[in-house]
Amino acid sequence: MQIMKSLIIGSFPNKVSSYPPPIPDSSSSLISTGSFRVSLRASKLNHSQSNLLRYNNGAFNESFLLSRKRNTRHVANAVSEQPMEPDSASPQNSLPNALNAFYKFSRPHTVIGTALSIVSVSLLAIQRLSDFSPLFFMGVLEAIVAAFFMNIYIVGLNQLSDIEIDKVNKPYLPLASGEYSVKTGVIIVSSFAVMSFWLGWIVGSWPLFWALFISFLLGTAYSVNVPMLRWKRFALVAAMCILAVRAVIVQIAFYLHIQTFVYGRVAVFPKPVIFATGFMSFFSVVIALFKDIPDIVGDKIFGIQSFTVRLGQKRVFWICILLLEVAYGVAILVGASSPFLWSRYITILGHAILGLILWGRAKSTDLESKSAITSFYMFIWQVKL
């Protein structure tokens, strides 16, 4: 290229002379002609190279733009075909999340236990086949719904009072985990307390209303953190609260609701009702003791003097097992004294099998594992039911 440039530059004068050029001789004419031809060829070569460069640039730009369009189209297709991650705040997921949070907030094992206890004690008021009437089923349904509302109030108030403790013991609960704000918890608890009393009042059953009212008083005194209350801090008083609600009120008050209000009969307490009340007293004491075993860490931190904190997990665990086995033993003795052969066999065999299952499960429970203890606690609720 440098040679071409020098030839081109050298073939022309640096400045235009005013004098006419001399007549060249043959040799100089030959050189000049050769220089002109070389210059012309170089010019054509540069022109063709420039055109080729423009063409290549244009083709490259066109190819680049086309490639970008194709890539953009492919990316758009890939994004459109790729499944989108569900948004937890979308309407499709908001309802399931809300139901799941309320499910955890309601402590479903207590709800199910209360409902089945009401059904079982209501059946004790049945004297003849004709007693299975729409009036009976409506009375049982009213009792279950009103008790369900009050149960939500009691367990919800306990969670509102134990937010910091539950962050240690039960961090999955809605208030402890932050799924529910304190305001939301207060609204839920207050609403269900009002609905429970409203239903008990419009039904017009005094045994039902008094059962709800006494449960309200004991549940409030058990949990609320004000002077002279928060009875859960004291192990014996806390156990008595649970015993009164689970064993006495649920058994006697709801039996009287069916016996006196639904059927309009005289308030009498037959042997099955007395036995059910005594049997459930054992279970209520066990529940009151056992529920604190997996919560020992948080209770120690926040000064809750439960029996587990005072006596230790292992000792309280086997006290609970002993009480349950005694309850099954008493049930076997009562069943053996039954005048009906079929009732005798069912009662003896049923409670003997449950006692053996309970003992085997207790022996295999790892007392160093919180999850194992919690699982056994839920097993006790199942055996109770």
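Residues numbered from 1 in each chain as written. Predicted model: local features only at pLDDT ≥ 70, side-chain atom pairs only at ≥ 80, totals over all residues. Heavy atoms only, no water.

As recorded in an unreviewed UniProt entry, the protein goes by the name Homogentisate phytyltransferase, listed as coming from Centaurea solstitialis. We quote the UniProt Sequence similarities (unreviewed entry) comment for the protein here in full: "Belongs to the UbiA prenyltransferase family." Per UniProt, the protein carries the Subcellular location (unreviewed entry) text "Plastid, Chloroplast membrane". (UniProt positions renumbered as here; feature names shortened; annotations may be inferred.)

**Student:** Just checking my understanding: could you explain the overall build of the protein for this structure?
**Tutor:** Counting its regular elements, the protein contains 16 helices and zero strands. For the protein, the proportion of its 385 residues judged to be buried stands at 37%. If you take every contact in the protein between residues at least 6 apart in sequence, the share linking residues at least 24 apart comes to 71%. (Helix = DSSP H or I, 4+ residues; strand = E, 2+ residues; numbered from the N terminus. Buried < 20%, exposed > 50% of the residue type's maximum accessible area, 1.4 Å probe, protein only. Contact = heavy atoms within 4.5 Å.)

**Student:** Is there a simple way to explain the nonpolar core in this structure?
**Tutor:** The nonpolar side chains of a soluble globular protein tend to be buried with one another. Formed by 49 residues in total, the largest nonpolar core has its most connected members in Phe105, Leu208, Phe254 and Ile258. If you list the elements that add at least two residues to this core, you get helix H3 (91–105), helix H4 (108–123), helix H5 (134–161), helix H8 (182–203), helix H9 (206–223), helix H10 (235–262) and helix H11 (271–290). Ranked by residues supplied to this core, first place goes to H10 with 13 residues. When neighbours within four sequence positions are excluded, Leu208 is seen to be in contact with Glu142, Ala143, Ala146, Gly200, Val203, Phe254 and His257. Phe279, Phe290, Leu324 and Leu367 belong to the second-largest nonpolar core, a separate cluster that totals 28 residues. (Core = buried A, V, L, I, M, F, W, Y, C linked by side-chain atoms within 4.5 Å.)

**Student:** Can you walk me through the side chain of Lys232 in this structure?
**Tutor:** Along the chain, Lys232 falls in the loop between H9 and H10. Residue class for Lys232 comes out buried when judged on its relative accessible area of 12%. For Lys232, the side chain forms a polar contact with the side chain of Asn158, separated by 3.2 Å. With residues near it in sequence (within four places) discarded, Lys232 still touches Asn158, Asp162, Tyr222, Ala238 and Ile304. (Polar contact = N/O pair within 3.5 Å; in protein donor to acceptor, adjacent residues only side chain to side chain.)

**Student:** Would you take a moment to explain the UniProt feature "transmembrane region" (unreviewed entry) in the protein for this structure?
**Tutor:** The feature "transmembrane region" (unreviewed entry), as given by UniProt, occupies residues 110–129, 135–160, 180–202, 208–227, 234–256, 268–290, 316–336 and 342–360 in the numbering adopted here. Its end C-alpha atoms 30 Å apart, residues 316–336 is made of 100% helix and 0% strand.

**Student:** Can you help me understand the pattern of salt bridges in this one?
**Tutor:** Opposite charge on two side chains permits them to pair, given that their charged atoms come into close proximity. With the rule as written, the count across this model stands at eight salt bridges. Salt-bridge contacts for Asp162 lead to Lys232; the nearest nitrogen and oxygen are separated by 2.2 Å. In this pair, Asp162 is assigned in the loop between H5 and helix H6 (163–169) and Lys232 in the loop between H9 and H10, connecting sequence segments 70 residues apart. Taking the relative accessible area as the measure of exposure, Asp162 reaches 3% and is therefore buried. Among the ionic contacts, a cluster of salt bridges with common partners joins Arg128, Asp131 and Arg265. (Salt bridge = Lys/Arg side-chain N within 4 Å of Asp/Glu carboxyl O.)

**Student:** How should I be thinking about the packing of aromatic side chains in this particular structure?
**Tutor:** Within a pair of aromatic rings, the relevant descriptors are the distance that separates the centres and the angle that separates the planes. Under the counting rule described, the total for this entry stands at 28 aromatic pairs. Between Phe132 and Phe136 the ring centres are 5.8 Å apart and the planes differ by 80°, which places this aromatic pair in the edge-to-face class. Overall, Phe132 belongs to the partly exposed group, its relative accessible area being 39%. By relative accessible area, which is 3% here, Phe136 ends up buried. Taken together, a centroid distance of 6.0 Å and an interplanar angle of 55° make the contact between Phe197 and Phe209 tilted. Of this pair, Phe197 sits in helix H8 while Phe209 sits in helix H9; the two residues are 12 residues apart in sequence, bridging distant segments of the chain. Looking at Phe209, the relative accessible area reads 17%, which means it is buried. The side chain of Arg265 reaches across the aromatic face of Tyr263, ending 4.3 Å from its centre. Above the ring of Phe379, the side-chain terminus of Arg361 is found at 4.7 Å from the ring centroid. (Phe/Tyr/Trp six-rings, centres within 6.5 Å; stacked < 30°, edge-to-face > 60°. Lys NZ or Arg CZ within 6 Å of the ring centre and 35° of its normal.)

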